[in-house]
Amino acid sequence: MPQKETVFVTGGAGFIGLHVVDQLLEKGYKVRIFDNMFRGDRERVNELVKTGNVELIDQDIRYGGAVHAAMKGCDSVIHLAAVSINKSVADSYESVDINIAGAHNVFAAAADHGVRRVVFASSASVYGDPEKLPMHEDDRLHPLTPYCIAKRTGEDLLDYYQRKSGLSWIALRFFNVYGPGQKTTAYYTSVINHFVNRLRNGQPPVIDGAGEQSMDFIHVKDIARSVVLSLESEKDNVALNVGTGIDTSIADLARILIKAVGADIEPIFNPRDVLVSRRAADIRRAQETIGFTYEIPVEQGMAELVAQA
Ligand SMILES: NC(=O)c1ccc[n+]([C@@H]2O[C@H](COP(=O)([O-])OP(=O)(O)OC[C@H]3O[C@@H](n4cnc5c(N)ncnc54)[C@H](O)[C@@H]3O)[C@@H](O)[C@H]2O)c1
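Quick notes on the rules
Residues numbered from 1 in each chain as written. Predicted model: local features only at pLDDT ≥ 70, side-chain atom pairs only at ≥ 80, totals over all residues. Heavy atoms only, no water. Domains from an automatic or database assignment. Contact = heavy atoms within 4.5 Å. Buried area = accessible area lost by both parts, 1.4 Å probe. Salt bridge = Lys/Arg side-chain N within 4 Å of Asp/Glu carboxyl O. Polar contact = N/O pair within 3.5 Å; in protein donor to acceptor, adjacent residues only side chain to side chain. Helix = DSSP H or I, 4+ residues; strand = E, 2+ residues; numbered from the N terminus. Phe/Tyr/Trp six-rings, centres within 6.5 Å; stacked < 30°, edge-to-face > 60°. Buried < 20%, exposed > 50% of the residue type's maximum accessible area, 1.4 Å probe, protein only. Axes fitted to C-alpha atoms, helices over the stretch in contact; angles between N-to-C directions. Parallel < 35°, antiparallel > 145°, perpendicular 65-115°, else oblique. Left-handed = near helix turned anticlockwise from the far one by under 90°. Nonpolar A, V, L, I, M, F, W, Y, C, P; charged D, E, K, R; others polar. 1 Å grid on protein atoms, 1.4 Å probe; cavity = no way out; pocket = protein on both sides within 12 Å on 5 of 7 lines; lining within 4 Å. Points joined across faces, edges and corners; volume = space filled by probe spheres on them. Expected span 1.5 Å × (residues − 1). Pairing = 2+ DSSP bridges.

Peer 1: Help me get a handle on the domain arrangement of the protein chain, residues and values and all.
Peer 2: Each assigned domain of the protein chain is listed here: domain 1 (6-176 + 218-242) and domain 2 (179-216 + 246-282 + 295-308). With 21 residues of domain 1 in contact, the opposing surface of domain 2 contributes 19 residues. On the domain 1 side of the contact with domain 2, Phe15, Asn176 and His219 bury the most area, a combined 32% of that side's loss. Across the domain 1-domain 2 interface, the total number found is one salt bridge. With a closest N to O distance of 3.7 Å, arginine 225 and glutamate 295 form a salt bridge. Our count for the domain 1 to domain 2 interface comes out at eight residue pairs in polar contact (both at pLDDT 80 or more). Breaking the side of domain 1 that touches domain 2 down by element, the ones donating at least two residues are helix 1 (15-26), strand 10 (217-219) and helix 8 (220-232).

Have a look at this one:
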């Protein structure tokens, strides 16, 4: 890697973005954050700018001309800016504008500037409801919302620019990301907060049904590491799952948090029919392609989160 390569990071002021930027700086990269600060942490970005190795372009990826101009002089691109799955159902117009047209602006500019690599934050939600676990990259994709459709479209657009202009890319299908800095509005983070708040008040977590619904929780520092590995990998033009491969049920999560808080309590099960969805990544392709395996087990990550809160 040439010293002081400049990386263009859209959404670099957000939850995952700031962890990615920290790891890039540790490795000696320079960073140009492109973020409209809709959900960005301005205070933290201002501190980073003071280091002299980070610039902030406070702009919107919906403006193709702004994206193209701002990318000039950058060697590689990490595209993280997006609006969330909940917002995509509430406002499909905005979701398509940002998550499809905006992503296209980033990829088309990257192809035009001839950057060395694009890393794209895709999502496990491209699979829809999985037919089997673990979920493998070659499984049928059945994205169910405008957000999920946009993630699949993003992967297809990267493939298009690879064929058209030789763009080199890796798309990462993140599973359920958690860790320091996350806003409390993400669905599973709200479950974590809800359980922790009850435990702190001496109340047991309440679980609907048998708590079999599961997620593949992956720590944000592991996610950031997968992004940097993808930036530096020799292999490219592929979509990879990024998870732990472990499905943690809501009942498991409650027990992990009870242990982390140190409470002497059992969860309460509220008998009712719930739609059980389960998630777990097949993690072999990420291991083979970019040499990624997770390092932070969910018990450790949750314990740290509880200790910091
Ligand atoms: N957090 C997860 O569990 C998860 C899971 C799968 C995929 N992802 C993907 O990872 C990426 C980062 O997610 P996050 O959790 O850090 O989200 P986040 O909301 O914390 O960060 C997104 C950043 O993008 C910026 N942004 C939004 N719209 C923009 C626009 N129009 N122009 C410029 N900047 C804009 C926001 O200000 C914010 O700083 C997203 O693409 C998301 O879809 C996240």
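Peer 1: Tell me about the packing of aromatic side chains, and name the residues and values.
Peer 2: Under the counting rule described, the total for this entry stands at four aromatic pairs. Centroid distance phenylalanine 8 to phenylalanine 34: 5.5 Å. Interplanar angle 40°. Geometry classified as tilted. Here the residue phenylalanine 8 occupies a position in strand 1 (residues 6-10), and phenylalanine 34 occupies one in strand 2 (residues 30-34), the gap between them amounting to 26 residues. In this structure, phenylalanine 8 and phenylalanine 34 share a single accessibility class: buried. Relative to phenylalanine 120, the ring of phenylalanine 107 has its centre 5.3 Å away and its plane inclined at 80°; by these criteria the two rings are edge-to-face. Residue phenylalanine 107 is located in helix 5 (residues 92-113), and its partner phenylalanine 120 is located in strand 5 (residues 118-123); the two are separated by 13 residues in the primary sequence. Across the pair, phenylalanine 120 and phenylalanine 107 agree in class, each one buried.

Peer 1: For the packing of helix 1 against helix 8, give the residues involved together with the corresponding values.
Peer 2: It is the contact of helix 1 with helix 8, at a shortest axis distance of 9 Å, that shows an interaxial angle of 60°. Judged on the interaxial angle alone, helix 8 and helix 1 are oblique. Once helix 1 is placed against helix 8, the crossing between them reads as right-handed. Every residue of helix 8 that contacts helix 1 at Phe15, Ile16, His19, Val20, Gln23 and Leu24 is listed here: Val220, Lys221, Ile223, Ala224, Arg225, Val227, Val228 and Leu231. Its residues assigned to classes, the contact of helix 1 with helix 8 comprises ten nonpolar, two polar and two charged.

Peer 1: Explain the packing of helix 5 against helix 6 (residues 146-165) to me, and be specific about the residues and the numbers.
Peer 2: Relative to each other, helix 5 and helix 6 sit at 20°, their axes nearing to 10 Å. Looking at the two axes, helix 5 sits roughly parallel to helix 6. Along this stretch, helix 5 crosses helix 6, giving a crossing that reads as right-handed. Packed against helix 5, whose contacting residues are Ser92, Ser95, Asn99, Ile100, His104, Phe107, Ala108 and Ala111, the element helix 6 presents Pro146, Tyr147, Ala150, Thr153, Gly154, Leu157, Leu158, Tyr161 and Ser165 at the interface. When grouped by side-chain class, the residues that make up the contact of helix 5 with helix 6 number ten nonpolar, seven polar and no charged.

Peer 1: Kindly report on the environment of serine 226, identifying the contributing residues and their values.
Peer 2: Of note, serine 226 is situated in helix 8. Looking at serine 226, the relative accessible area reads 0%, which means it is buried. Taking the C-alpha atoms as reference, serine 226 lies 25 Å from valine 191; in sequence the two are 35 residues apart. With residues near it in sequence (within four places) discarded, serine 226 still touches Leu172, Phe174, Val242, Ile290 and Phe292.

Peer 1: Describe empty space enclosed by the protein, and please don't skip the residues or the numbers.
Peer 2: The gaps of empty space that remain are located by a probe, the size of a water molecule, rolled over the atoms. Tallied over the entire structure, the rule returns two cavities of 30 Å³ or more. Size it by volume and the largest cavity reaches roughly 70 Å³. Tyr127, Asp129, Pro130, Glu131, Lys132, Met135, Asp139, Arg140 and His142 are the residues that line the largest cavity. Its residues assigned to classes, the lining of the largest cavity comprises three nonpolar, one polar and five charged. A volume near 30 Å³ is recorded for the second largest cavity. As for the second largest cavity, its lining consists of His79, Ala81, Ala82, Asn99, Phe120, Ala150 and Lys151. Residues of the lining of the second largest cavity, tallied by class, amount to four nonpolar, two polar and one charged.

Peer 1: Tell me what's going on with helix 9 (residues 250-261), and back it up with residues and numbers.
Peer 2: Here helix 9 contains twelve residues, and its C-alpha end-to-end distance of 16 Å stays within 8% of the 16 Å for a straight helix at 1.5 Å per residue. Taken from the residues just after helix 9, glycine 262 is the one with a positive phi, measuring 80°.

Peer 1: Give a detailed account of the sheet that holds strand 2, specifying residues and quantitative values.
Peer 2: Within the open sheet, the seven strands sit side by side as 3-2-1-4-5-6-11. Their pairing is parallel. Each edge of the open sheet carries a strand with a single partner, namely strand 3 (54-57) and strand 11 (238-242). In this sheet, neighbouring strand axes are inclined to one another by 20° on average, regardless of whether the strands run parallel or antiparallel. Relative to strand 11, strand 6 (residues 169-174) runs parallel, the two being bridged by five bridges. Bridge pairing links alanine 171 to alanine 239 in strand 11. On the sheet, helix 2 (residues 42-50) packs against strand 2 and strand 3 and is oriented at approximately 135° with respect to strand 3. Lying on the sheet, helix 8 is in contact with strand 1, strand 4 (76-79), strand 5, strand 6 and strand 11; it crosses strand 6 at an angle near 165°.

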